[in-house]
Amino acid sequence: MPVVSVDEFLASKLDYLVVGGGTSGLVVAARLTENPDCVVGVIEAGEYHETDPTVNLPGMAGHNIFNPKYDWRFTTVPQKYVNDRKVFQSRGKGLGGSSLLNILAFVRPSKDELDSFEELGNPGWNWKSLLEYMKRSERLEAPVLSPVEAKLLAVSPDSSLHGTDGPITKSFPMTHLTEVHAKTLDSLESFGVQRNLDNSGGNTVGSILCPTCVDTKTATRSYSASAFYAPNAQRPNFLVLTEAYATKIHLKEVDGGLKCATGVDIIKDGSTFTIHAAKEVILSAGSLQTPQLLELSGIGDRRILDATGIDTVIDLPGVGENLQDHANVPTIVEVDKNVESLEILNDPVQLKKHQDLYNQQKGIFASSPGSLLAFLPAKAFGNESDVQRWVSQASMAITPEIFASTHPTVKRGIEKQYDIMRRWIDNPEHSMGQLLYMNGHFPIPGLTSDPNKRYMTLLCAYTHPISRGTVHIASKDPTEPPSIQQNYLSNPTDLDVLAKLVSFTMRLYKTKPISGLVIGPATPKLDDDQLNDEDTLHSYVRDTLGTVHHPVGSASMLPLEDGGVVDSNLLVYGTTNLRVVDCSIIPLEISSNIQTLAYAIGEKAADIIKGL
């Protein structure tokens, strides 16, 4: 049904209640309601931005970050290893969750990364299984190119690896590619980073034309709300209630001492209501709010709950632990004035031109602002000594202060993750760093761009963070934001990887053929000596670090004895019918954007619930 009133929602007899109408939540709801006898309700704290051009236009991707209408606007607590700065944490607010807010990249993890989930104790969670669920969620629109063009742009998708009839449209940003794209690819090859014409088959290393979630026929964002909800909104068994904020899950004891979820309290229009579910409650609030709602409901580490005055219903120490995220630092250069970067839109004539082009599904507004990603193995930007040091530092012994109060079961699980990561760091078939291209000047607080100049940005990010953080309730007040402690750069490897990536990237800008377009640096403005000085680079990283918005792990799918929160059927330990279906279950950060996996999690969860 279309979005309903609270009275209609309360009057319905729900089989399943999904808390959070985000990327994964709408997937599982849509798949469950394929059975007309199954009634599913979705509660979402944000609005439905169905016809909002700032959401739908690909060229405006990123425009709504920081806007409280679309973004929860969380921040971390002061980060000790990042000059005590509070680091912004963007999370999508509205039907579609972060899929309405992200910058459209639709890139898959590697085979080994997904196989690691099974190695960590989750039967059936592996590359073979998850590849089929990723394919189920998508529909490929492959570009029509000659072999020469395909090689030049780094794109030639293998049709057997991609979905053909799924709800999410996967395409490539062809409507506004500048000369920067191919020249950067060529310069990367000078450093041994080769083009990867399709990194969707389990090997992600190399540089690519970035697949995006854009429907080229309509030139609009393809996301969870537009693809999984809108086409199914007329189903009478698919109910959605927006602007309803969940505050507590109700649990009752059943045979064997287990707990059964019976419903959820919500705040809607200033009033409190309880929504009941006959079969299951499915928690899909995301990596920062799923742990919060579990703890508000009495599920979590007894020490955390006692400190905030909440009665412990299930003592589950892994809740809110093992938080991982990708972080980046910017490099920006001024480029030749003939490059059509986003700055051309400051010219009213160019703005009108691209508005008109959009009506033909062409131009800047019809495409993602980023066309290129490069996944770099450690030895592409670090020497042998660096790499071996990074391997040795994948250990809790390096940062004992971070884990001083961590529960022993959680520590056991993290050490098993480090065992796997040590194999990856020194493996040329695994990335340790990533470059993310933006066609213009990436916004940085305190740094002003010249609207009459042209720019390109390469964000430098680590792909496998060794630092671990936490997210917990700050108080028993459900409207207070969670306390997010990412511990960015607490492990020295993360700091050093970013520093080495910055040095690598500034050398890349000076390498032909991209050097022919580069006029000079905007940031960092460092000479050759400074680019080789560890202290200078480390200082720059601490000053400019930001998130790539890929938090995972805070409700990890792991064995209970390894700090797990959910089992391989996504059931919260100690419960019979409370599941978590979002990226908080990912036990070990993947190298790619997490969006493709978020859809796969929703798809697989639906099959698990159906008993398939």
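Parameters at a glance
Residues numbered from 1 in each chain as written. Predicted model: local features only at pLDDT ≥ 70, side-chain atom pairs only at ≥ 80, totals over all residues. Heavy atoms only, no water. Salt bridge = Lys/Arg side-chain N within 4 Å of Asp/Glu carboxyl O. Buried < 20%, exposed > 50% of the residue type's maximum accessible area, 1.4 Å probe, protein only. Pairing = 2+ DSSP bridges. Helix = DSSP H or I, 4+ residues; strand = E, 2+ residues; numbered from the N terminus. Axes fitted to C-alpha atoms, helices over the stretch in contact; angles between N-to-C directions.

## Quick word on the pattern of salt bridges
One side chain can pair with another of opposite charge once the charged atoms of both are near each other.
For step 1, the next point in the chain: Applying the stated criterion across every chain yields a total of 28 salt bridges.
For step 2, the next point in the chain: Across the pair Asp 301 and Arg 303 runs a salt bridge, and its minimum N-O distance is 2.7 Å.
For step 3, the next point in the chain: With relative accessibility at 46%, the residue Arg 303 sits in the partly exposed group.
For step 4, the next point in the chain: Salt-bridge contacts for Glu 384 lead to Lys 379; the nearest nitrogen and oxygen are separated by 3.0 Å.
For step 5, the next point in the chain: A relative accessible area of 47% places Lys 379 in the partly exposed class.

## Considering the sheet that holds strand β12 (residues 259-268)
Adjacent strands of a sheet form backbone hydrogen bonds with each other and so pair up, either parallel or antiparallel.
For step 1, the next point in the chain: Strand order in the open sheet made by the three strands is β11-β12-β13, with antiparallel pairing throughout. Single-partner strands in this sheet number two, and they are β11 (244-253) and β13 (271-276). Averaged over all neighbouring strand pairs, the angle between strand axes comes to 25 degrees, with direction disregarded.
For step 2, the next point in the chain: Bridge count between β12 and β13: six bridges; the pairing is antiparallel. Residue pairing for β13: Lys 268 is matched across the bridge by Ser 271.

## Re the sheet that holds strand β10 (residues 238-241)
For step 1, the next point in the chain: Strand order in this open sheet of five strands is β10-β2-β1-β14-β25, and the pairing throughout is parallel. Looking at which strands have only one partner, the edges of the open sheet turn out to be β10 and β25 (578-580). Within this sheet the neighbouring strands show an average axis-to-axis angle of 20 degrees, counted without direction.
For step 2, the next point in the chain: As judged from the three bridges shared by strand β14 (residues 280-283) and β25, these two strands associate in the parallel manner. Paired with Ile 282 across the strands is Arg 579, a residue of β25.

## Examining unusual backbone geometry
For step 1, the next point in the chain: For the bond running from Lys 512 to Pro 513, omega is 5 degrees, close enough to zero to count as cis.
For step 2, the next point in the chain: Of note, Pro 513 is situated in the loop between α15 (492-509) and β23 (518-523).
For step 3, the next point in the chain: The residue after Thr 523, namely Pro 524, is reached through a cis peptide bond having omega -5 degrees.
For step 4, the next point in the chain: Within the secondary structure, Pro 524 sits in the loop between β23 and α16 (528-531).
For step 5, the next point in the chain: A positive phi angle is found at Asn 83, which is not glycine, with a value near 55 degrees.
For step 6, the next point in the chain: Locating Asn 83 in the fold gives a position in the loop between β3 (74-75) and β4 (88-89).
For step 7, the next point in the chain: One non-glycine residue with positive phi stands out, namely Asp 269, at about 55 degrees.

So yeah, pure geometry; function would need other evidence.
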